[in-house]
Amino acid sequence: MEIIEKAPAKLNLFLDTPFRHPDGAPEWKMIMTTIDLADYVKVVTVSNTKKIQVETDTGFLPQDQKNLAFQAAIRLQKKFRINQGVQIKIKKKIPVAAGMGGGSTDAAAVLRILNRIWQLKLNLNQLAKIGLTIDSDVPFCIYSQTAAITGKGEILEPLRQLPPVWIVLAKPKASVSTVNILKKIPYRELQHGDFVQAKAAVLKQNLPDLVGAMTNVLEQVTINELPQIANLKQKMLDFGADVAQMTGSGPTVFGICSKLSRAQHIVNSLKGFCEQVYLVQSCHLNTDYLLPQKFENH
Ligand code: ATP
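Residues numbered from 1 in each chain as written. Predicted model: local features only at pLDDT ≥ 70, side-chain atom pairs only at ≥ 80, totals over all residues.

Glancing now at unusual backbone geometry. Along the chain, G250 connects to P251 via a cis peptide bond; the corresponding omega equals 0 degrees. Residue placement: P251 occurs in the loop between strand 9 (243-246) and strand 10 (253-257). Residues other than glycine seldom take positive phi values, yet A97 does so here, at roughly 50 degrees. For A97, a count of 20 C-beta atoms within 10 Å gives the class buried. (Helix = DSSP H or I, 4+ residues; strand = E, 2+ residues; numbered from the N terminus. Buried ≥ 20, exposed ≤ 12 C-beta atoms within 10 Å, placed from the backbone.)

A word on the UniProt feature "domain: GHMP kinase C-terminal" (unreviewed entry) in the protein chain. Summarizing the sequence annotation, UniProt attributes the feature "domain: GHMP kinase C-terminal" (unreviewed entry) to residues 200-274 in the numbering used throughout. Across residues 200-274 one finds 55% helix and 15% strand; the C-alpha atoms that close the span lie 34 Å apart. (UniProt positions renumbered as here; feature names shortened; annotations may be inferred.)

What follows is about the site of the ligand. Taken together, 22 residues are adjacent to the ligand, and N67, G102, G103, D106 and T178 come closest. Sorting the residues of the shell around the ligand by element identifies helix 1 (68-79) and helix 2 (102-117) as the ones contributing at least two each. Of the residues belonging to the shell around the ligand, the class tally is 9 nonpolar, 9 polar and 4 charged. Each of domain 1 (2-160) and domain 2 (166-283) gives at least three residues to the shell around the ligand. (Near = placed C-beta within 6 Å. Nonpolar A, V, L, I, M, F, W, Y, C, P; charged D, E, K, R; others polar. Domains from an automatic or database assignment.)

A few words on the UniProt feature "binding site: ATP" (unreviewed entry) in the protein chain. Taking the UniProt record as the reference, the feature "binding site: ATP" (unreviewed entry) is found at P95, V96, A97, A98, G99, M100, G101, G102, G103, S104 and T105. Checked against the element boundaries, V96 lands in the loop between strand 4 (85-91) and helix 2. Ignoring anything within four residues of it in the chain, the contact list for V96 reads L61 and G102. One can find A98 in the loop between strand 4 and helix 2. Under the C-beta neighbour-count criterion, A98 is labelled buried, with 21 such atoms within 10 Å. (Contact = placed C-beta atoms within 7 Å.)

Another aspect to go through is the nonpolar core. Counting 83 residues, the largest nonpolar core has A69, A73, V110, L111 and V168 as its most contacted members. Looking at which domains feed residues into this core, each of domain 1 (2-160) and domain 2 (166-283) gives three or more. (Core = buried A, V, L, I, M, F, W, Y, C linked by C-beta atoms within 7 Å.)

Okay, the domain arrangement of the protein chain next. According to the domain assignment, the protein chain contains domain 1 (2-160) and domain 2 (166-283). Relative placement of domain 1 and domain 2: their C-alpha centres are 23 Å apart. The interface of domain 1 with domain 2 comprises 27 residues on the first partner and 35 residues on the second. Secondary structure elements with two or more residues in the side of domain 1 that touches domain 2: strand 1 (2-16) and strand 2 (28-46).

So, about helix 9 (residues 228-238). All buried positions along helix 9 are accounted for by I229, L232, K233, K235 and M236. Taken around the axis of helix 9, the buried residues stretch over an arc of 160 degrees, which confines them to a single face. In helix 9, the exposed positions angled more than 90 degrees off the buried face are occupied by Q234 and D238. Buried residues along helix 9 sit in contact with strand 7 (166-171), helix 8 (218-225), strand 9, strand 10 and helix 10 (260-270). Just downstream of helix 9, G240 is the residue with a positive phi angle, here 120 degrees. (Arc of directions from axis to C-beta.)

On to the pairing of strand 3 (residues 52-56), then. The two faces of strand 3 differ: I52, V54 and T56 on one face are buried, but Q53 and E55 on the other face are not. The sheet contact formed by strand 3 and strand 4 spans 5 bridges and is parallel. Pairing of E55 across the sheet is with K89, part of strand 4. Traced from strand 3 through helix 1 to strand 4, the parallel crossover comes out left-handed. (Pairing = 2+ DSSP bridges. Right-handed = clockwise from strand over helix to strand, strands pointing away.)

Along helix 6 (residues 195-203), the positions that sit buried rather than exposed are A198, K199, A201 and V202. For helix 6, the angular spread of buried residues about the axis comes to 155 degrees, placing them on one side. Buried positions along helix 6 lie against strand 1, strand 2, strand 5 (147-151) and helix 7 (207-213).

Two elements in contact, helix 2 and helix 3 (residues 124-132), have axes whose closest approach is 10 Å; the angle formed by their N-to-C orientations is 135 degrees. In this view, helix 2 runs oblique relative to helix 3, as classed from their interaxial angle. Relative to helix 3, the crossing made by helix 2 is right-handed. The segment helix 2 lies against helix 3, with A107, A108, L111, R112 and N115 engaging L127, I130 and G131. In terms of residue class, the contact of helix 2 with helix 3 is built from 5 nonpolar, 2 polar and 1 charged. (Axes fitted to C-alpha atoms, helices over the stretch in contact; angles between N-to-C directions. Parallel < 35°, antiparallel > 145°, perpendicular 65-115°, else oblique. Left-handed = near helix turned anticlockwise from the far one by under 90°.)

Given below as structure tokens:
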């Protein structure tokens, strides 16, 4: 049996952290949205073996247990004692190590797919709990809908779709290590954003309020390593974005525009400065088939 799922990227509209837990994990205050830039994940089950294989169409990604998609498959296989192997094929469209949750969304897609193939009857909440053991962004990616996220990534509060906006993404060539950036968070010096106001802006679908409330406390940490991010952000604003911000631990910077013509102007203007530029929109993945009441009829 085989199933293909879309695995969309995420963007951090709001990213703050009030403290670090004793195990080193940050406590998060985040708002994330899903965009229509997505990987495609195909899972094929194989009988007479328990082997898990991962294949990606990019040469440099791990194909073994270091791949988060592999980890998703092995978690379910072990937990539910499944005597079947799987082949996972990932068509990568999301830039790697870019702050867009590429690995996490692939893992989330594998969890959703194997839940169906192996008829595990887990709902989104239960899948999110398993996902948290892989990476803090996996619970969000299980739902892939605009949400507020707290805890270590496991507490999700669904928000509303963004108002219709255009989003320009610019991914600089340089990459950053998330682990390294998280280690360097200067907790005592952080300027905290207003999480309540940011959530209210999304719930009201009020773009000016959202623009005013957006923040990412990791931005300065990453800019200290890669000053070009500050230039890229300034260029986005100079070319007409309503707001520009880094996503996750970077280095991708995104600009939000209410007008398509302005977004297209930014895309064209940035092409000389940045290799990878994309024009996308926010969207919600349809995971209705995994809601408990729907699942029974599936
Ligand atoms: P994070 O913020 O969660 O660290 P990111 O969104 O910035 O991640 P990813 O594209 O997930 O970046 O890549 C981070 C690391 O995860 C890379 O070093 C990559 O080798 C590893 N990785 C493991 N599995 C995958 C996958 N399926 N897709 C992309 N990267 C993966």
